[in-house]
Amino acid sequence: MPSLITSASVALSALAFMLFSTLNEWVFGFFPLNNGFTWLFLPCGLSLLIVILFGGWGALGIVLGGLMSTQDFSSDFSLINTGACILTGLAPWAGSSFAIYAMKLRTSLSNLTPTTLLKIGFVCSVATAIALELWLLIFVYAGPFFENLSSRMVGNILGTLAVLYAIKAFFAIMSRLGSGKINNT
């Protein structure tokens, strides 16, 4: 039986992913890259942070958040959408696990460097894009595979970079505020 902490991490992950998906569609939906893909797909960067913080339970939260933000519960159940949501949670978790193992990266939060996060982020972004495009290809998804894959990869990588650098800027500002380097006027 899951503990309260585990349940909270799943719920928090689901809520955060759902909110980021909605925010991404609202903000970047007006600037499509190609075939409905956006230049920045912020949920991909968030999913990296979720799986680093919460591991497999975070991946489950991503799946649930994806289902809540994309499934139309008033119509028939969509196997294609459900599979895509499962891959959206599974691919970053598997990608980060592979990157950590293959590159022999240190994974504790205190030891994560910007370079390590970029390496893991790149692997997770590419793994998610490939997994989703292959899933859609299995179901005879109409559209050019490599064109859609490259568009999805661009959105995932740029979204991951945007989230990582936004968090880095946040911590830098908080550090400066804490040390008194920013003057209040």
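Going by the structure above, here's the rest.
Predicted model, so just to flag it, every value in this text is computed and none were measured.

1. Some points on the packing of aromatic side chains
This model, assessed by the stated rule, comprises three aromatic pairs. Their ring planes at 80° and their centres at 5.0 Å tell us that Phe145 and Phe146 sit as a pair that is edge-to-face. Among the residues examined, Phe146 registers a relative accessible area of 64% and is labelled exposed.

2. Here we look at the layout of surface pockets
Considering only enclosed or pocket space, the second largest pocket measures out at about 550 Å³ in volume. Along its surface, the second largest pocket is lined by 20 residues, and Leu49, Leu117, Leu164, Ile167 and Phe171 are the ones closest to its centre. For the lining of the second largest pocket, the secondary structure elements donating two or more residues are helix 1 (4-28), helix 2 (42-70), helix 4 (114-138) and helix 5 (145-179). It is helix 2 that provides the largest number of residues to the lining of the second largest pocket, a total of six residues.

3. Re the packing of helix 4 against helix 5
At their nearest, the axes of helix 4 and helix 5 sit 9 Å apart, and the two run at 150° to each other. Crossing of helix 4 over helix 5 shows right-handed handedness. Residues that form the contact of helix 4 with helix 5 fall into these classes: 17 nonpolar, six polar and two charged.

Calculation criteria
- Residues numbered from 1 in each chain as written.
- Predicted model: local features only at pLDDT ≥ 70, side-chain atom pairs only at ≥ 80, totals over all residues.
- Heavy atoms only, no water.
- Phe/Tyr/Trp six-rings, centres within 6.5 Å; stacked < 30°, edge-to-face > 60°.
- Buried < 20%, exposed > 50% of the residue type's maximum accessible area, 1.4 Å probe, protein only.
- 1 Å grid on protein atoms, 1.4 Å probe; cavity = no way out; pocket = protein on both sides within 12 Å on 5 of 7 lines; lining within 4 Å.
- Points joined across faces, edges and corners; volume = space filled by probe spheres on them.
- Helix = DSSP H or I, 4+ residues; strand = E, 2+ residues; numbered from the N terminus.
- Axes fitted to C-alpha atoms, helices over the stretch in contact; angles between N-to-C directions.
- Left-handed = near helix turned anticlockwise from the far one by under 90°.
- Nonpolar A, V, L, I, M, F, W, Y, C, P; charged D, E, K, R; others polar.

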